[in-house]
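# Summary of the model geometry
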Amino acid sequence: MIHATIECAGASPIGGKHGDMARWAEALATVARDIDSRFVVAGEALAGAYGIVERIVASLEAVSQALEGEAVTRAVADMHAIADRLTQLPSTQVTRQAALVTIGGSGTALRNPLARFDRTLRFLRICGLNIKVAAAGADGFGGFADMMIDRLDVAETEMRSFAMQLETVTRGVAAAQAAEQSLARESARVIPEVPRRLSRDALALQEEQASAGILANRIVDAAREVRGKIATAIGALQIGDITRQRLEHVVAGLVALQALAAPAPDETVQAHVLALLAAQATDTTADFTRQAALLTQTLRDVGPHATALIALTGDRPPSAGGSAPGDAPLELLEQSIDEVRALAGRLQEADAISDRIGSATLVTAEALAQRLLVIQRVTLDVQQMAWNTDLRSRPMGDAGRGLGAVALEIRNFSLELERFSADIAAMCGQITGAAQAMHAVQTGTSRVDVSHALDVSLQCVRDGGRVVREGLFGLEVEASELNDFVDQTARNIACDTAFGSVLESTSAALADAGSSIAALDEAPPELSVVLAQIAATYSMARERDVHQRFAMIPAEAMIQPTIGLAASDDEDDDGLF
């Protein structure tokens, strides 16, 4: 950390109407060196303060960007959605358990009509054989019997496949019901309190991070205000360099005047030059005093803003500043998530089984419906064959009575097939409805992996919290250091009284020595030379303006020196002063 520790330089006032020019030059050179030293260190201190503010702004802008993004908001929204789903789990389970009961019960109930249907098909097959026997080779009846048996073979094949698919569905129901019962026990233990706490803790964390974002923005605004004032002060520090240059130019003028007066001084020329140098010193002193006072006030104006910045950095959220374990909303949220994990695991297991059962049942129900259509068509074909057999047997007299009796049995059995098919179709409809209800419940809730979603969401809010902690950590210390920098710099810059006394006394001595200026119609050669030498040192427009009042040569010649002292190495500041 840089500290500005320059002591105020004092000097004894220099008086005397004809004071020694060497003493004046030494006094002014000493002030120029002291001003330069003080303002250089002040500039370094303000640069350090500016760097602190830049770090504060950069870190808090990162906080604002992290909290204003969608990731944290989406993560908290996912937690709310998970909590809502868990809260609704009991009602969801009622629907799923009812659907499983329906599927299992209907599957069990279907065994009886399926068995009777299969037995009826066997009776019909016997009837087909009886037709062949009763027809005793009569033309056409054997073909009827063979066709009916073929259709019965189709029905038996479809029915066996039907029964196998139904068995697959009903076998899975028991496992699904076991998973649901385990989930019900777990949910009864933690619902509704744990999901509510998860939602509440997620909301608390979101609110805290939102507050942190607001605070970060307030601190950034305050820091930017301080940064702007420090930047203004840094720019105003150039008055020190300006004063140094102008005093050095006055010193250079005194040296040139001493050289001119070495053998035998021309008092008129000497008084004229001393009056010019006195005017330059007086104007420099006035400019320095005025600008230094404004700079001091600018630095003092930073104080309240820096104090406000310190106060704001002390208002950071507890979790952003390293609170005690268990107090931070993030830690509370982690505890809630841990409590939800067991339930989430049961839910995931039940979801997976229910998904399989529901999907398999829907597929099976569709296949069963197609098989029922085939069976129903077979039933109609058999009925049609029975009617045809009856009609063809009537003209045969006594020989056809046996065929008619067989045809009547076939019609009666086919009616039983029709009734059994209707019963099977109704039960299949119940299974399909239950599967659709289960699918609707599954689709209407979040299908994400709850444990994974919680991990992702928690990691996201952890990252957001880390950015907040890193952004706000140490701000109070840095803001205090900033305040120290600015306060110390203000005290150092404000210590211009000693400078002012030396400058004013020296300017007065120069003015006193040059008070008797003879009216000159034209400049003596030696005066023109020394004026040109002095003009050649100027680097600022203000110096030329003052010089013009004492010039014995055209103003444009002032910026085209041909002899004498070398001009200042510093860059011309005409554009600024």
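Predicted model, so just to flag it, every value in this text is computed and none were measured.

This part is about the overall build of the protein chain. Secondary structure summary: the protein chain contains 15 helices and 0 strands in total. Taking all contacts inside the protein chain whose residues are at least 6 apart in sequence as the whole, residues at least 24 apart take part in 92%. For the protein chain, the exposed area adds up to about 26,400 Å²; of that, 55% sits on carbon and sulfur atoms.

Turning our attention to helix 3 (residues 89-109). For helix 3, with 21 residues, the first-to-last C-alpha span of 29 Å sits near the 30 Å given by 1.5 Å per residue. Here helix 3 has its buried residues at Leu89, Thr92, Gln93, Arg96, Ala99, Leu100, Ile103, Gly104, Ser106 and Gly107.

Time to look at the side chain of aspartate 283. Here aspartate 283 is to be found in helix 8 (residues 267-313). Among the polar contacts made by the side chain of aspartate 283, one reaches the side chain of arginine 542 at a distance of 2.5 Å. When near neighbours in sequence (up to four residues on either side) are disregarded, aspartate 283 contacts Arg246, Arg542 and Val546.

A packed helix pair is summarised by two numbers, namely the angle formed by the two axes and the spacing between the axes. Between helix 7 (residues 238-260) and helix 14 (residues 525-535), the least distance of the axes is 9 Å, while the angle of their chain directions is 155°. In this view, helix 7 runs roughly antiparallel relative to helix 14, as classed from their interaxial angle. When you trace helix 7 past helix 14, the crossing you get is right-handed. Between helix 7 and helix 14, the residues in contact are Gly253, Ala256, Leu257 and Leu260 and Glu526, Val530, Gln533 and Ile534, respectively. A breakdown of the residues in the contact of helix 7 with helix 14 according to their chemical character gives 5 nonpolar, 2 polar and 1 charged.

Tallied over the entire structure, the rule returns 2 aromatic pairs. Note that arginine 411 overlies the ring of tryptophan 387, its terminal NZ or CZ placed 4.3 Å from the centroid.

If you walk through the whole model with that rule in mind, you get 13 salt bridges. Linking arginine 244 and aspartate 36 is a salt bridge whose minimum nitrogen-to-oxygen distance equals 3.4 Å. On the criterion of sequence distance, the pair formed by arginine 244 in helix 7 and aspartate 36 in helix 1 (residues 21-68) is long-range, its members being 208 residues apart. On the accessibility criterion, arginine 244 (11% relative accessible area) is buried.

Core analysis: the largest hydrophobic core is formed by 74 residues, its most contacted members being Ile230, Leu254, Leu482 and Leu510. Among the secondary structure elements, those contributing two or more residues to this core are helix 1, helix 6 (193-236), helix 7, helix 8, helix 12 (475-494), helix 13 (497-513) and helix 14. Top element by residues in this core is helix 1. It accounts for 20 residues. Leucine 482 has contacts with Ala49, Ile52, Val53, Val226, Ile230 and Leu309, leaving out every residue within four places of it along the chain. Residues Ala155, Leu183, Ile191 and Leu454 belong to the second largest nonpolar core, which totals 66 residues.

In this section: the packing of helix 7 against helix 15 (residues 541-548). Their axes nearest at 11 Å, the elements helix 7 and helix 15 cross at an angle of 40°. Here helix 7 and helix 15 pass one another in a crossing that is right-handed. Facing helix 7, whose interface residues are Gln245, Arg246 and His249, helix 15 presents Arg542, Glu543 and Val546. When grouped by side-chain class, the residues that make up the contact of helix 7 with helix 15 number 1 nonpolar, 2 polar and 3 charged.

Right, let's talk about the confidence of the model for the protein chain for a bit. Here the protein chain shows a mean pLDDT of 74. Residues at 70 or above account for 77%. Ranking the helices and strands of the protein chain by mean pLDDT puts helix 15 first, with 93, and helix 11 (residues 450-472) last, with 70. Overall, residues 1-19 carries pLDDT values under 50, and its contacts beyond four positions in sequence, including any with other chains, amount to 45 contacts. Contacts for the low-pLDDT stretch residues 553-577, under 50 throughout, to residues beyond four places or in other chains number 45 contacts.

On to the environment of leucine 152. Within the secondary structure layout, leucine 152 lies in helix 5 (residues 141-190). Judged by relative accessible area, leucine 152 falls into the buried class, the value being 0%. Residues leucine 152 and valine 382 lie 230 residues apart in sequence; the distance between their C-alpha atoms is 8.3 Å. When sequence neighbours within four positions are dropped, the list of residues in contact with leucine 152 reads Leu121, Leu124, Arg125, Val378 and Val382.

With respect to the helices and strands, alanine 425 occurs in helix 10 (residues 398-443). Along the backbone, alanine 425 and leucine 110 are 315 residues apart, and their C-alpha atoms lie at a distance of 9.6 Å. Excluding anything up to four places from it in sequence, alanine 425 contacts Leu372 and Gln376.

This next bit is on the environment of histidine 272. Looking at where histidine 272 falls in the secondary structure, it is placed in helix 8. Sequence separation between histidine 272 and glycine 514 is 242 residues, and the spatial gap between their C-alpha atoms is 6.0 Å. A distance of 2.7 Å separates a polar atom in the side chain of histidine 272 from the backbone oxygen of phenylalanine 550.

Calculation rules
In every chain, residue numbers begin from 1 and rise along the written sequence. The predicted origin of the model limits local features to residues at a pLDDT of at least 70 and limits the giving and counting of side-chain atom pairs to 80 or more, whereas totals for whole chains, interfaces and linings rest on all residues. Remark: hydrogens and water are excluded; side-chain values derive from all non-hydrogen atoms of the structure. We count a stretch as a helix when DSSP gives it H or I for four or more residues in a row; a strand needs E for two or more, and each element gets its number in order from the N terminus. In this description, contact between two residues means that some pair of their heavy atoms is separated by no more than 4.5 Å. Only the protein chains shown count as cover for residues, and the accessible areas themselves come from Shrake-Rupley with a 1.4 Å probe. Every helix has an expected span of 1.5 Å times one less than the residues it contains. For every residue, the accessible area obtained with a 1.4 Å probe (protein chains only) is divided by the maximum for its type, and the residue is called buried under 20%, exposed over 50%, and partly exposed between those limits. Pairs of N or O atoms within 3.5 Å make up the polar contacts considered here, provided that, within protein, one atom can donate a hydrogen while the other can accept it, and that residues adjacent in sequence are counted only when both atoms are side-chain atoms. In this analysis an axis means a line fitted to C-alpha atoms, helices contributing only their contacting stretch, and an angle means the value between N-to-C directions, from 0 to 180 degrees. With respect to orientation, any angle under 35 degrees is reported as roughly parallel, any angle over 145 as roughly antiparallel, any angle of 65 to 115 as roughly perpendicular, and every other angle as oblique. The sense of a crossing depends on the near helix, which, turned anticlockwise from the far helix by less than a right angle, makes the crossing left-handed and, turned clockwise, makes it right-handed. Here the term charged refers only to Asp, Glu, Lys and Arg, the term nonpolar to Ala, Val, Leu, Ile, Met, Phe, Trp, Tyr, Cys and Pro, and the term polar to all other amino acids, Gly among them. Geometry of aromatic contacts follows a simple scheme: Phe, Tyr and Trp rings, the Trp one being its six-membered ring, pair when their centres are within 6.5 Å, and the pair is stacked under 30 degrees between planes, edge-to-face over 60, tilted otherwise. Think of it as a cone above the ring: NZ of Lys or CZ of Arg counts as a charge over the ring if it is within 6 Å of the ring centre and within 35 degrees of the ring normal. Whenever Lys or Arg places a side-chain nitrogen within 4 Å of a carboxyl oxygen from Asp or Glu, that contact is recorded as a salt bridge. By nonpolar core we mean a set of buried residues, namely Ala, Val, Leu, Ile, Met, Phe, Trp, Tyr and Cys, connected to one another through side-chain atoms within 4.5 Å. Across the chain, each position has a pLDDT score giving the predictor's confidence in that residue, from 0 to 100.

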